[in-house]
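Results of the structural survey
The residues making up each chain are set out below.
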Amino acid sequence: MRRAAAVVTAGVVLSLVVAAPGWAHGIVGKQDLPIPTWMFGWAAALALIVSFVGLAFGWREPRLAQARERALGRLPQSLEIVTGAIGVFLFGLTVYAGLQGAQNFQTNLAPVMIFITFWVGVALASLVFGDVFSALNPWRAVGRTVGWIARRLGQDVEPLAYPQWLGRWPAAFWLLAFGWLELASQDRNDPSYLATLAMVYAGIQLCGMAVYGERAWTANADGFAVFFRFLGRLAPLRWERGRVALRPPGVGVVGLDTAVRGTTAVVLISIGTTSFDGFSVGSIWNDARQSLETLFRDVGFGGTSPLMLAATVGLLGAIAVVSGFYYLGLAGVRSIDRSRSLGELGRLFAHTLVPIAAAYVFAHYFSLLTADGQAIAPLLSDPLGHGSDLLGTADWTPNLGWISANAIWYIQIAALLAGHITGLILAHDRALELYEDGTTATRSQYWMLAVMVGFTSLALWLLSVGNA
Amino acid sequence: MSQRQRLVLLGLAVLVAAVALLVAGTGDGGDDDVIDTRTTATVAETTPAGTTSTSTAPAQPQEAKPRDPAPPTVVVRDGQPVGGVERFRFRKGSTIVLVVRSDAPAHVHLHGYDVLKDVEAGGSARFSVPAKIDGRFEVELEDTATLIAEVEVVP
């Protein structure tokens, strides 16, 4: 791809309004029961207790940055070609099904593949196995193949330097756009709409990789790659050019280059969108939404626009609240540490939010994966919804009852507490790195403790919010 | 971190634990609004034990077949649920009973359990499903994807 011809302006995506029947709700066979109030109370109390005890006995010297890894071996580089091919195949299948298949979100492969198998499945897999998406990423695979061919033909061009000032803001933007698609768009379950968006996104990524080089682009401007890589850093496995190493879980995120601009935005947007997802089933939002919808209708918006606009307001509001809370806590830290700006502090502690973001995603979506996510099996046999049975699983019906509500509650709470503890440990260690003076380090820790307890309590509250 | 600070933090931890236990001890069950369709059956089972059947009363004054006094009902008018979307709670292990009336013909779908019932214009359909899966399930008019009720099965 020649550089000049490949420059394309993004931002066309959100203006794509496809006239299609708007499904008012997402793919739902079953929704989680809200956690009982007493459970919420206990979990919040537990989080507090653990935090105080942990802070009291926390270690005195920063040690996470030197955490030891144990090499496990290596996998052949050619495996990446296979996984890349799988990714490309699944992407192609999804787009094809979206465009050519039945335009019904329950019988078409695209919505389940995109919102569950891809978004939740890859996220949770990343927490366990590391950055799996870099191996499966379809547009990256295509980009690298094209680059390889170009090099062979002597046609490759030196990539432009990726602009420092932009940093990870494009990734943050894409995550916001995806969150908007999931929570506010009225066409979110329209298979052909999804397929079109997927192609546009892939196209933009390919152009970006052509101009700035695959490595710099994927690390900064590919929203999904960036997010999954962040999550992958929490995993106990680390992959580097085929070499696998074992490390303590959660530690890998310390090496996250948080100096890159937009890094904090990526994590805050993730927490904010997941928060809104949880908040939107509650009664407070129900009332607020109706007021907003009436407002937009009175102003003149017709059709389903008021619903979309109200949800957009809610989504942006949730991100604002989450960000405001984080920076409020940091303002407290700043009262002790006057040498650094708020933004700087935000970046220095941004990695401590990654386990929180991971816990939020896990708590809100893991049961979606285990329940509705099962639908991927029959859908793979009949991706177009036309009655085929390619793998023999077309008659399979998801078993929605294999995990009881009680089990789901305990798993959700355990995930949130694990994320909370990891976040606290990371914040503690970072404070020790930054402040040689023990007193300052401890005092900064009180603020970060408040931030962490706040986020965890918010998450627990969101899990209980549908109780009305 | 001085010894005193450490003690304060541990003291706070103990305080939180104490408060939590205190609140837990005085809390209530709070299980209202759960329609337990098992109890109607057990009530019917225990009544015969009390009857002394020496009299020749014309008909056994036993309870007739156990019937819910007023089954949970959703009335659909012009494609919308009258009174808004209501949430009906059932206990896991009992039976989900729901009656849907509609002025226009409709296909009503109970998600999760995946039960589809047709309603004629002016008629009604009765769902009677064993509540095996706990969770929250939407009941909607399939053609217009309109939510008309929610069924909640609690453990």
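Quick notes on the rules
Residues numbered from 1 in each chain as written. Chains lettered and ligands numbered in written order. Predicted model: local features only at pLDDT ≥ 70, side-chain atom pairs only at ≥ 80, totals over all residues. Heavy atoms only, no water. Helix = DSSP H or I, 4+ residues; strand = E, 2+ residues; numbered from the N terminus. Buried < 20%, exposed > 50% of the residue type's maximum accessible area, 1.4 Å probe, protein only. Contact = heavy atoms within 4.5 Å. Areas by Shrake-Rupley, 256 points an atom, 1.4 Å probe, with all protein chains shown as cover. Buried area = accessible area lost by both parts, 1.4 Å probe. Salt bridge = Lys/Arg side-chain N within 4 Å of Asp/Glu carboxyl O. Polar contact = N/O pair within 3.5 Å; in protein donor to acceptor, adjacent residues only side chain to side chain. Nonpolar A, V, L, I, M, F, W, Y, C, P; charged D, E, K, R; others polar. Pairing = 2+ DSSP bridges. Core = buried A, V, L, I, M, F, W, Y, C linked by side-chain atoms within 4.5 Å.

All right, on to the overall build of chain B then. Per the secondary structure count, chain B includes 2 helices and 10 strands. Counting from the amino terminus, helix and strand elements in chain B follow one another as α-β-α-β-β-β-β-β-β-β-β-β. With 155 residues in all, chain B has 35% of them scored as buried. When contacts within chain B are restricted to residue pairs at least 6 apart in sequence, long-range pairs at least 24 apart make up 61% of them. Surface exposure of chain B reaches about 9200 Å², of which carbon and sulfur atoms provide 55%.

Let's shift gears to the interface of chain A and chain B. By a widely used convention, the size of an interface equals the accessible area lost when the partners come together. Of the residues lining the interface, 33 residues belong to chain A; the matching set on chain B comes to 31 residues. In total, chain A and chain B occlude about 2700 Å² of area from one another, counting both sides; carbon and sulfur atoms represent 62% of this. Among the residues chain A hides against chain B, the three largest losses belong to A:Gln31, A:Leu33 and A:Phe52. Together they make up 19% of the total. On the surface where chain A and chain B come into contact, there are 0 salt bridges. Remark: the boundary between chain A and chain B carries 4 residue pairs in polar contact (both at pLDDT 80 or more). Secondary-structure elements contributing two or more residues to the side of chain A that touches chain B are helix H2 (37-57), helix H17 (405-434) and helix H18 (438-464) of chain A. Top contributing element to the side of chain A that touches chain B by residue count: H2(A), with 9 residues. By residue class, the composition of the side of chain A that touches chain B is 20 nonpolar, 10 polar and 3 charged.

Time to look at the sheet that holds strand S5 (residues 95-102) of chain B. All names here are of chain B. The strand order S3-S2-S5-S8 describes an open sheet built from 4 strands, whose pairing is mixed. The sheet terminates laterally at strand S3 (80-81) and strand S8 (124-130), the two strands that pair on one side only. Note: strand S2 (residues 73-77) against S3, 2 bridges, orientation antiparallel. Bridging across to S3, Arg77 finds its partner in Gln80.

All names here are of chain B. Looking at the secondary structure, you find Glu140 in strand S9 (residues 135-141). With 32 residues separating them along the chain, Glu140 and Val108 place their C-alpha atoms 5.7 Å apart. Among the polar contacts made by the side chain of Glu140, one reaches the side chain of His111 at a distance of 2.8 Å.

Right, let's get into the nonpolar core. The biggest cluster of nonpolar side chains holds 131 residues, and the ones touching the most others in it are A:Trp119, A:Phe224, A:Phe228, A:Tyr326 and A:Phe455. Core analysis: the next-biggest nonpolar cluster, separate from the first, contains 27 residues, A:Ala371, B:Leu98, B:Phe127 and B:Val151 among them.

As a further point, take the pattern of salt bridges. Residue and element names in this part refer to chain B. For the coordinates displayed, the defined rule picks out 15 salt bridges over all chains. The salt bridge involving Arg87 is made with Glu150; its shortest N-O contact spans 2.8 Å. Placement of the pair is Arg87 in strand S4 (residues 86-91) and Glu150 in strand S10 (residues 146-154), with a sequence separation of 63 residues. Residue classification places Arg87 among the partly exposed residues on the basis of a relative accessible area of 25%. The partner of Arg89 in a salt bridge is Glu152, and the shortest N-O contact between them spans 2.6 Å. Here Arg89 is found in strand S4, whereas its partner Glu152 is found in strand S10, with 63 residues between them in sequence. With respect to burial, Arg89 and Glu152 carry one shared label: buried.

Residues and elements named next belong to chain B. The sheet built from 6 strands is open, its strands ordered S1-S4-S10-S9-S6-S7 with mixed pairing. Bordering the open sheet on either side are strand S1 (34-35) and strand S7 (115-119), each of which pairs with just one other strand. Pairing geometry for S1 and S4, over 2 bridges, is parallel. By the bridge assignment for S4, Ile35 is matched with Phe90.

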